[in-house]
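Observations on chain architecture
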Amino acid sequence: MPLGDTTRARWDALYRAHAPAARRLAFVLTRDESVADDLVQDAFVRVLGRFRGDRSPESFAAYLRTTVVNLARSRARRRGRERRALEIEGGRARADDTVADPAGRDDRVWTALSELRPRRRAAVFLRYYEGLSHAEIATALDCSPEAVKSLLRHGLAHLRRRLEEEET
């Protein structure tokens, strides 16, 4: 069924407004620019397919963040299964753990951030790069605000240790 001009314009506006933040989140979670682009596209398709006009437009960002996180988790689980299967067969899957800063700099913080577990990395990114509240992060990560506090505490402790090690 073809889209009407009004619907297409609304979807285009939502994409322009929310894609940059969704892409940053997807990049931090996956550490791969092309995968991040794919996740954002998939997330928009899923959210727009379920998002009805009766929901508030402000809730779109929260739905999109949650979808990006869930898609990244699914991808990580799938990659883990694939890696284990390759190892069983004697092959070695190469895990690329380097992170390129979106601004093109080789930054110690981005490197240290890449070492965090995915949920901790997501929590730190959403809090300190996107400025979300604990409640908003909890919604995106599908956990309690107390769990978010724990993820942030452990993530920041790791970042501090790692950055202090590099200074010495």
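Before reading on, note that the structure itself is shown above.
Residues numbered from 1 in each chain as written. Predicted model: local features only at pLDDT ≥ 70, side-chain atom pairs only at ≥ 80, totals over all residues. Heavy atoms only, no water.

Another aspect to go through is the overall build of the chain. A count of helical and extended segments in the chain gives seven helices and zero strands. Reading the helices (α) and strands (β) of the chain from amino to carboxyl end gives α-α-α-α-α-α-α. By the burial criterion, 34% of the 168 residues in the chain qualify as buried. Pairs at least 24 residues apart make up 59% of the contacts formed inside the chain by residues separated by at least 6 positions. (Helix = DSSP H or I, 4+ residues; strand = E, 2+ residues; numbered from the N terminus. Buried < 20%, exposed > 50% of the residue type's maximum accessible area, 1.4 Å probe, protein only. Contact = heavy atoms within 4.5 Å.)

Let's shift gears to the pattern of salt bridges. This model, assessed by the stated rule, comprises four salt bridges. Aspartate 37 serves as the salt-bridge partner of arginine 23, at 2.4 Å between the closest nitrogen and oxygen. Of the two residues, arginine 23 sits in helix α1 (residues 5-30) while aspartate 37 sits in helix α2 (residues 33-50), which places them 14 residues apart along the sequence. For aspartate 37, a relative accessible area of 33% corresponds to the partly exposed category. When the shortest N-O distance is used, the salt bridge between arginine 24 and glutamate 130 registers 2.8 Å. Residue arginine 24 is located in helix α1, and its partner glutamate 130 is located in the loop between α5 (118-129) and α6 (134-141); the two are separated by 106 residues in the primary sequence. Given the relative accessible area of 38%, arginine 24 is considered partly exposed. The class for glutamate 130 is partly exposed, based on a relative accessible area of 23%. Salt bridges sharing common partners tie together Arg23, Glu33 and Asp37. (Salt bridge = Lys/Arg side-chain N within 4 Å of Asp/Glu carboxyl O.)

Running from N to C, α5 and helix α7 (residues 145-167) cross one another at 95°; their axes reach a closest spacing of 9 Å. The angle between α5 and α7 places the two elements in the roughly perpendicular class. Counting all contacts with α5, which are made through Arg119, Arg120, Ala123, Val124, Arg127 and Tyr128, the residues of α7 involved are Leu151, Leu152, His154, Gly155, Leu156 and Leu159. When the residues that make up the contact of α5 with α7 are grouped by side-chain class, the tally is seven nonpolar, two polar and three charged. (Axes fitted to C-alpha atoms, helices over the stretch in contact; angles between N-to-C directions. Parallel < 35°, antiparallel > 145°, perpendicular 65-115°, else oblique. Nonpolar A, V, L, I, M, F, W, Y, C, P; charged D, E, K, R; others polar.)

Before going further, it helps to spend a moment on unusual backbone geometry. Glycine aside, residues mostly have negative phi, and peptide bonds are mostly found in the trans state. The phi dihedral of arginine 31 is positive, around 60°, even though this residue is not glycine. With respect to the helices, strands and loops of the structure, arginine 31 is situated in the loop between α1 and α2. Exposure remark for arginine 31: the relative accessible area of 22% places this residue in the partly exposed category. Even without a glycine there, the phi angle at aspartate 142 is positive, about 55°. Among the secondary structure elements, aspartate 142 is positioned in the loop between α6 and α7.

On to α1. Along α1, the sharpest change in direction is near 45° and occurs at histidine 18; proline proline 20 comes one to four residues later. Within α1, the full set of buried residues consists of Leu14, His18, Ala19, Ala22, Leu25, Ala26, Phe27, Val28, Leu29 and Thr30. Count one or two residues on from α1 and you reach arginine 31, which has phi positive near 60°. (Bend = angle between axes of the 7 residues up to and from the residue.)

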